[in-house]
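Below, each chain spelled out in residue letters.
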Amino acid sequence: MIAVLSSITPWPADAMSDVAATRTRLNDFLKGVERRALRMAELAVRQREDALELVQDAMLSFVKSYGGKPQSEWPPLFWRVVDNKILDHHRRHEVRSRWRVFFSSREDDRDELAELPDPGPVEPALALSAADAGKAIESALRALPDRQRQAFLLRQWEGLDVADTARAMGCSEGSVKTHLFRAMDSLRERLKDHV
């Protein structure tokens, strides 16, 4: 699109360098959040293919809508877009499931990451303990209500402050604190045997 525009209108060299710099910063930002966004989406929608599509759609929407915003505003805006895509997915899934009551079984319920070979030797007891803890954490996160899981992941995993988390979730700072408190309380209870 830039090439098309530059052939129509003469662009000053500094404007072209600003566009290139913004594009580079956007690429770096998206590369930095893509794996965490995918994991967050997988926890929310429970299917890798859906999560991949959701994150790709969120990234495209983010770039179109907020790519021109200051870089300091990108994290909460990006997570807000991801949250909206997750909510849209849940709504669509709910509507579809009403129509497909008899076709709800899934044939392929395997976790591709769990099937990857171990990169190096690990003591069996340590590997078993880590695997059990990982499964317990994932199970505990999946058991949380969506808003609690989102508050926990944005605050603890992404490291957003309360204000940015509230902006990303579209709620008040008090709601973020309440959701986070409840999530932490629930996780402590569910994971007490693994501490």
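All values derive from a computational prediction rather than experimental measurement. (Residues numbered from 1 in each chain as written. Predicted model: local features only at pLDDT ≥ 70, side-chain atom pairs only at ≥ 80, totals over all residues. Heavy atoms only, no water.)

### A few points about the packing of helix H7 (residues 162–169) against helix H8 (residues 173–190)
The geometry of H7 relative to H8 is characterised by a closest axis approach of 8 Å and an angle of 95° between their N-to-C directions. In terms of orientation, H7 lies roughly perpendicular with respect to H8. Here Val-162, Ala-163, Thr-165, Ala-166 and Met-169 of H7 lie close against H8, whose contacting residues are Glu-173, Val-176, Lys-177 and His-179. (Axes fitted to C-alpha atoms, helices over the stretch in contact; angles between N-to-C directions. Helix = DSSP H or I, 4+ residues; strand = E, 2+ residues; numbered from the N terminus. Parallel < 35°, antiparallel > 145°, perpendicular 65-115°, else oblique. Contact = heavy atoms within 4.5 Å.)

### A word on the pattern of salt bridges
In total, this model carries eleven salt bridges according to the counting rule given. Linking Arg-142 and Glu-138 is a salt bridge whose minimum nitrogen-to-oxygen distance equals 2.7 Å. In this pair, Arg-142 and Glu-138 are both assigned in helix H5 (residues 124–143), four residues apart and thus about one turn of the helix distant. Across the pair Lys-192 and Glu-189 runs a salt bridge whose closest N-O atoms are separated by 2.8 Å. Residue Glu-189 is classed as partly exposed on the basis of its relative accessible area of 48%. Salt bridges sharing partners connect three or more residues here, namely Arg-39, Glu-42, Arg-48, Glu-138 and Arg-142. (Salt bridge = Lys/Arg side-chain N within 4 Å of Asp/Glu carboxyl O. Buried < 20%, exposed > 50% of the residue type's maximum accessible area, 1.4 Å probe, protein only.)

### Quick word on the confidence of the model for the protein
On average, residues of the protein score 79 in pLDDT, and 71% of them are at 70 or above. Confidence over residues 1–9 falls short of pLDDT 50; this stretch has five contacts with residues more than four positions distant or in other chains. With pLDDT under 50 throughout, residues 99–106 is counted as low confidence; its partners more than four residues away or in other chains account for two contacts. (pLDDT = per-residue confidence, 0-100.)

### What about the nonpolar core?
Soluble globular proteins tend to pack their nonpolar side chains together in the buried interior. Judged by nonpolar contacts, the single largest core of 42 residues is most densely connected at Phe-62, Phe-78 and Trp-79. Elements supplying a minimum of two residues to this core: helix H2 (13–45), helix H3 (48–66), helix H4 (74–99), H5, helix H6 (146–157), H7 and H8. Residue contributions to this core peak at eleven residues, all from H2. Leaving out residues up to four positions away in the same chain, Phe-78 has contacts with Phe-29, Leu-30, Val-33, Ala-37, Met-59 and Phe-62. (Core = buried A, V, L, I, M, F, W, Y, C linked by side-chain atoms within 4.5 Å.)

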